[in-house]
Amino acid sequence: QSADASLYQHLGEKPGIERLMNDFVTRLAADARTGPFFAKANLPHLKEQLTDQVCQVSGGPCEYGGADMKTAHADMDIRKGDFNALVEVLEQAMDAQGIAFADQRQLLARLAPMHRDVITVR
Ligand code: HEM
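These notes cover the structure that comes with them. Numbers given for residues are sequential positions, taken from 1 along each chain in its written order. Side-chain atom pairs in this predicted model are given and counted only at pLDDT of 80 or more, local residue features only at pLDDT of at least 70, and totals for whole chains, interfaces and linings cover all residues. Excluded from the side-chain calculation are hydrogens and water; included are all heavy atoms of the structure.

1. Quick look at the coordination of the iron atom of the ligand
Reasoning step 1: Only N, O and S atoms count as donors, using a 2.8 Å limit from the metal and a wider 3.2 Å limit for Na, K and Ca, and since water is excluded some coordination spheres may look unfilled. If you check the protein contacts of the iron atom of the ligand, you find one donor only, His 73 (NE2), at 2.0 Å.
Reasoning step 2: Mapped onto the elements, His 73 comes out in the loop between helix 4 (69–72) and helix 5 (80–96). Secondary structure is summarised from DSSP: a helix means a run of H or I of at least four residues, a strand means a run of E of at least two, and numbering begins at the N terminus for each.

2. A closer look at the site of the ligand
Reasoning step 1: Taken together, 23 residues surround the ligand, and among them Phe 37, Asn 42, His 45, Ala 67 and His 73 come closest.
Reasoning step 2: Under the rule applied, a polar contact is a pair of N or O atoms within 3.5 Å (in protein, one hydrogen donor and one hydrogen acceptor; residues adjacent in sequence only if both atoms are side-chain atoms). For the ligand, an oxygen atom lies 3.0 Å from a polar atom in the backbone of Asn 42.
Reasoning step 3: When contributions to the shell around the ligand are tallied by element, the ones reaching two or more residues are helix 3 (43–57), helix 4 and helix 5.
Reasoning step 4: Under the scheme applied here, ten amino acids are nonpolar (Ala, Val, Leu, Ile, Met, Phe, Trp, Tyr, Cys and Pro), four are charged (Asp, Glu, Lys and Arg), and all others, including Gly, are polar. Within the shell around the ligand, the residues separate by chemical class into 16 nonpolar, 6 polar and 1 charged. Nearness is defined per residue: one heavy atom within 4 Å of the molecule or strand is enough.

3. Here's the deal with the nonpolar core
Reasoning step 1: Joining through side-chain atoms within 4.5 Å is the link that ties buried Ala, Val, Leu, Ile, Met, Phe, Trp, Tyr and Cys residues into a set, and such a set is a nonpolar core. Only protein chains enter the calculation, and the probe is 1.4 Å; a residue is then buried if its accessible area is under 20% of its type maximum, exposed if over 50%, and partly exposed in between. Counting residues in each nonpolar core, the largest one holds 29 residues, and the members touching the most others are Leu 11, Ile 17, Met 21, Phe 24, Leu 90, Met 94 and Leu 107.
Reasoning step 2: Among the elements of the structure, helix 1 (6–10), helix 2 (13–30), helix 3, helix 5 and helix 6 (101–111) are those that each provide at least two residues to this core.
Reasoning step 3: It is helix 2 that provides the largest number of residues to this core, a total of 6 residues.
Reasoning step 4: If we ignore the near neighbours within four places in the chain, the residues touching Leu 107 are Leu 7, Leu 11, Val 54, Val 57 and Met 94. Residue contacts are counted whenever heavy atoms from the two residues lie within 4.5 Å of one another.

4. Observations regarding the environment of Ala 74
Reasoning step 1: In this structure, Ala 74 sits in the loop between helix 4 and helix 5.
Reasoning step 2: Taking the C-alpha atoms as reference points, Ala 74 and Asp 117, separated by 43 residues in sequence, lie 8.6 Å from one another.

Next up, the structure:
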């Protein structure tokens, strides 16, 4: 567990993050902008992987064991606008879970640097 696990606690620890990621992935698949990317995705698997990843980056006692972000998103032709749409959907999911704005900003700040590996069309 990282020295600063307060974000992990504010997200409701593992059960809260699991709820958040379940709702997030459901919204991603339903959103007109992001949905097409997830048409052939294994959504239950993705929910699990994201739960581990967010648990880890928020300072929780989890270890993400999936593919690195570059490998996971290779050949998807993801653009900046697609990335921004995903962030917006995550904000909606965090609002729906009642996560405080400051905690939302913190989680987004920890995920934002991944844009370098996820966006492949510039
Ligand atoms: C910070 C932003 C992002 C994070 C943290 C993230 C995280 C992840 C993770 C953890 C996986 C699972 C990898 C594995 O199973 O080994 C994944 C897969 C995937 N991601 Fe992302 N992702 C991000 C952005 C995006 C964007 C912008 C899109 C498209 C709009 C996208 C589309 C997908 C798709 C389609 C899969 C494959 C799902 C499957 O086939 O089961 N991701 N992502």
